[in-house]
Amino acid sequence: MDRLVFLILGLSSLCTFNVVASDSSTSEKPVSEHVQTIASTANHAMFDSLNQEFDYAPDVTEACLECHTEASKQMHETFHWNWAKEVDDKMVGKGENAFNNYCVSAKGNQSCTQCHTGYGWRNDDFEFDAEENVDCLVCHDTTGTYKKSAASSGHPYYEDTVIGGTVQKAVDLAFVAQNVGSPDRDNCLACHALGGGGNGVKHGDTDLSLIDPSFELDVHMSPDKLDFACQDCHTTNDHRISGRYNDRAAFIDHELDMGHEERIGNNVSCESCHSPTPHNTRAIDNHTAKVACTSCHVPEMARGPYLTKLSWDWSTAGDLKDGKPYVIDEVFDGVEHHAYVSKKGTFTWGKNVVPEYRWYKGELKQMTFQDTFDPTKAPISINPPSGDYNDPDARIWPFKIHQGKQPFDTENNTMLPIKLYGRQGSGAFWTEFDWPKALQAGAELNQVDFSGHYDFVETLGYWPIKHMVAPAEDSVDCSQCHSQQSRLEGLNDFYLVGRDRSGFVEWFGVLAIGGGLFGIAIHILLRLVTISRRKKARNDIGL
């Protein structure tokens, strides 16, 4: 689709405009290089409602709503706001019931509110229906100066704050509000690349290198070629962003669908642009009925300059030196990383990692804190993909499978949330380093039963790989799957040529080939006999 069309869709759906800072008098501060300079029909710096000093972020939202009257109502219906979706009559998501094997649960970890599209979500008293609680600036800031604080549950920094020896400047809310625009990669990746506590931690295919990737790293987002924004694929409608959610599959079908209005803000797949058979080579196109595009076109995870986290062992957390937490750093492939952190435990990391492969039809079966399991069957898959060889909608997909070791209730056989962030006396693990207190406080916050008895169990978390698409010449070679050392060793519910051995098939092949050769030999022998007899007959009659 023409790039101009993408731009128009993005502007209209996000209900915002880019700014041309043509008059230096509108702000004493220079607009950063991230501010977009595409011509707009509005200059927010000229709006009286924004041309004032703001000392409270929700006041900015109320000013925005004077023009964008429906924006907060739309946001209230999105996953970015609720962090949960209704599945089988139960809300499931990072904000309620569900968990992962990183920081486990959002409730109990105020650090998560640095990415939430709201202000002040600290506990159950948060007003989800309050329009002024919506944070417009976290997605629409174009200055690069807007930062949210965990200590204030997602409010921006209202005063200069020292963090780890570095001064975080107070946010000039008026300056940011006067320079809002369509979200760019910096906005999206500030959360989606840094989730889990750092760059590249969660996703094997999403880190800060995608802000300005080389063509070899990502053929779609590289400025050397297509220069896609996130919204070019993750289209939006009424602030709903296309993609997989707990209640919705990652894709609907495998037909060419880009441009269909009903898809905007709902779903996205490679086939949306490329169709299910784009190669013009029958042998390769035949694979797409069972093999996802990214299985071949994303050969490794974390192919850029950064690492991705491969395992997290909470059972080792809490060790102190001289009564204080400490950190052990290591270097892997030239990149320094944390190998141990008292607050979090032990980690392993990787770079240029071959993914693992599973059948997947766009759905992950998310465990909740109410689900029971058998700890003797560890590792426990906490969000396994659905599908198998016989499912017509399932395909072989690449995954980052993150290995965790996290607390569970040994009496109830259920997973346990952890209260991580908080003041002394709150039970917060990062403050008191007391597991029973942290688990009791986390259970109360999440309304989970806790018997008081706990241990740690190994878990597996599944993250589909879909970004960092390599150039065609760097795609996975046929022999990497069709060989004894196949990438697909974890998929054993079908016969794969070159990888699998079958006595029946091999003996049938031997017999077929042997029978064929025997038939050819008989045919040649008969021909020789026939020729000899004809020659003798001719001699007998004197020809």
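Worth saying up front: this structure is predicted, and the values here are computed from it rather than measured.

**Thoughts on the pairing of strand β7 (residues 308-313)**
And then number 1: When β7 meets strand β10 (residues 345-350), the two strands line up antiparallel, connected through five bridges. In the sheet register, W312 faces β10, and the bridge partner there is F347.
And then number 2: By the bridge criterion, three bridges tie β7 to strand β13 (residues 395-409) in an arrangement that is parallel. In the sheet register, D313 faces β13, and the bridge partner there is K405.

**Here's the deal with the environment of G108**
And then number 1: Secondary-structure assignment places G108 in the loop between β2 (90-92) and α5 (137-140).
And then number 2: For the pair formed by G108 and F429, sequence separation is 321 residues and the distance between their alpha carbons is 9.8 Å.
And then number 3: Leave out the neighbours within four places in its chain, and G108 touches I418, K419, L420, Y421 and L445.

**Quick word on the nonpolar core**
And then number 1: By size, the foremost hydrophobic cluster in this structure holds 35 residues, and its most contacted members are W314, M415, I418, F429 and W435.
And then number 2: Contributions of two or more residues to this core are made by β9 (335-341), β10, α12 (429-432), α13 (435-445) and β15 (454-464).
And then number 3: Considering each element in turn, this core owes the most residues, four residues, to α13.
And then number 4: Contact partners of F429, with chain neighbours within four places excluded, come to A317, G318, S342, K343, I418, K419, L420, D434, W435 and A438.
And then number 5: Counting 17 residues, the second largest nonpolar core, distinct from the first, contains L50, V60, L137 and V176.

**Thoughts on empty space enclosed by the protein**
And then number 1: Following the criterion strictly, the structure yields two cavities of 30 Å³ or more and no others.
And then number 2: Here the second largest cavity is characterised by a volume of approximately 50 Å³.
And then number 3: Around the second largest cavity, the lining residues are H44, F47, S49, L50, A63, C64, C67 and H68.
And then number 4: Grouping the amino acids of the lining of the second largest cavity by side-chain chemistry returns five nonpolar, three polar and no charged.

**Quick look at the confidence of the model for the chain**
And then number 1: Confidence in the prediction of the chain, expressed as mean pLDDT, is 87, and 89% of residues score 70 or more.
And then number 2: Low pLDDT (under 50) marks residues 1-39, which in the prediction has 83 contacts with non-local residues, meaning those over four places away or in another chain.

**Some details on the pairing of β15**
And then number 1: Here β15 lies mainly inside the structure; eight of its 11 residues are buried.
And then number 2: Bridge count for strand β12 (residues 380-381) against β15 is two bridges, and the pairing is parallel. Note that in β15 the partner of I380 across the bridge is T459.

**Digging into the state of the cysteines**
And then number 1: As enumerated under the stated definition, the model contains one disulfide in all.
And then number 2: Bridging C115 to C191, the disulfide has an S-S length of 2.4 Å. A torsion of -110° about the S-S bond marks the disulfide between C115 and C191 as left-handed. Remark: C191 occurs in helix α7 (residues 185-192) and C115 occurs in the loop between β2 and α5; sequence separation between them is 76 residues.

**What about the pattern of salt bridges?**
And then number 1: Counted under the stated rule, the structure contains 12 salt bridges.
And then number 2: When the shortest N-O distance is used, the salt bridge between R358 and E356 registers 3.6 Å.
And then number 3: Assessed through its relative accessible area of 35%, E356 is described here as partly exposed.
And then number 4: For D500, the salt bridge is made with R499, and the minimal N-O distance between the two is 2.7 Å.

**Looking at the packing of aromatic side chains**
And then number 1: For the structure on display, the rule yields 26 aromatic pairs.
And then number 2: Their ring planes at 80° and their centres at 6.2 Å tell us that Y102 and W312 sit as a pair that is edge-to-face. Within this pair, whereas Y102 is found in the loop between β2 and α5, its partner W312 is found in strand β7, the two being separated by 210 residues in sequence.
And then number 3: With a centroid separation of 5.7 Å and an interplanar angle of 75°, the aromatic rings of Y102 and W463 are classed as edge-to-face. With a gap of 361 residues between them, Y102 in the loop between β2 and α5 and W463 in strand β15 connect regions that are remote in the sequence. Neither residue differs from the other here; Y102 and W463 are each classed as buried.
And then number 4: Taken together through their ring pairs, the aromatic side chains of Y102, W312, W314, F347, W349, F429, F433, W435, Y454, F456 and W463 make up a single cluster.

**Focus on the environment of A174**
And then number 1: Within the fold, A174 resides in helix α6 (residues 173-177).
And then number 2: Take A174: its relative accessible area is 6%, and that puts it in the buried class.
And then number 3: With 129 residues separating them along the chain, A174 and A45 place their C-alpha atoms 8.8 Å apart.
And then number 4: In this view, A174 contacts L50, Q52 and F54; residues no more than four positions away in its chain are not counted.

**So, a nonpolar patch on the surface**
And then number 1: On the surface, Y495, V497, F504, V505 and F508 cluster together into a nonpolar patch covering about 560 Å² of accessible area.
And then number 2: Note on placement: F508 falls in helix α14 (residues 503-540).
And then number 3: Classification of F508 as exposed rests on a relative accessible area of 54%.

**Regarding the side chain of D391**
And then number 1: For D391, the location among the structural elements is in the loop between β12 and β13.
And then number 2: Classification of D391 as buried rests on a relative accessible area of 13%.
And then number 3: Side chain to side chain, D391 and K361 meet in a polar contact 3.0 Å long.
And then number 4: At a separation of 2.9 Å, a polar atom in the side chain of D391 contacts the main-chain amide nitrogen of D393.
And then number 5: Those residues in contact with D391 that sit more than four places away from it in its chain are K290 and K361.

Parameters at a glance
- Counting restarts for each chain: residues are numbered from 1 in the order of the written sequence.
- Selection of residues for local features in this predicted model requires a pLDDT of at least 70, selection of side-chain atom pairs for listing and counting requires 80 or more, and totals for whole chains, interfaces and linings are taken over all residues.
- Derived side-chain values reflect all non-hydrogen atoms in the structure, with water molecules and hydrogen atoms excluded from consideration.
- At least two DSSP bridges between two strands are required for those strands to pair.
- Helix and strand assignments follow DSSP, with helices taken as H or I runs no shorter than four residues and strands as E runs no shorter than two, numbered in order from the N terminus.
- By the convention used here, residues are in contact when the closest approach between their heavy atoms is within 4.5 Å.
- Here, nonpolar core refers to any group of buried Ala, Val, Leu, Ile, Met, Phe, Trp, Tyr and Cys residues whose side-chain atoms link them within 4.5 Å.
- The buried label applies to any residue whose accessible area, calculated with a 1.4 Å probe on protein chains only, is under 20% of its type's maximum; exposed applies above 50%, and partly exposed to all values in between.
- A cavity here means a set of 1 Å grid points, computed over protein atoms only, where a 1.4 Å probe fits but cannot escape. A pocket is an open set with protein on both sides within 12 Å along at least 5 of 7 lines, and lining residues have an atom within 4 Å of a point.
- Grid points are joined across faces, edges and corners, and a volume is the space filled by probe spheres set on the points.
- Classification used: nonpolar for Ala, Val, Leu, Ile, Met, Phe, Trp, Tyr, Cys and Pro, charged for Asp, Glu, Lys and Arg, polar for all others including Gly.
- For every residue, the predictor states its confidence as a pLDDT score lying anywhere from 0 to 100.
- Any pair of cysteine sulfurs within 2.5 Å is marked as a disulfide.
- Whenever a carboxyl oxygen of Asp or Glu lies within 4 Å of a side-chain nitrogen of Lys or Arg, that contact is scored as a salt bridge.
- Whether two aromatic rings pair depends on their centres lying within 6.5 Å, for rings of Phe, Tyr and Trp, where Trp uses its six-membered ring; planes under 30 degrees apart make the pair stacked, over 60 edge-to-face, and the rest tilted.
- Within the patch definition used here, like charges are joined within 9 Å and nonpolar side chains (Val, Leu, Ile, Met, Phe, Trp, Tyr) within 5 Å, considering only residues with over 30% relative accessible area and no salt bridge.
- Surface accessibility in these figures is a Shrake-Rupley result with a 1.4 Å probe; residues are shielded only by whichever protein chains are displayed.
- N or O atoms closer than or at 3.5 Å make up a polar contact, with two conditions inside protein: a donor-capable atom paired with an acceptor-capable one, and, for residues adjacent in sequence, both atoms drawn from side chains.

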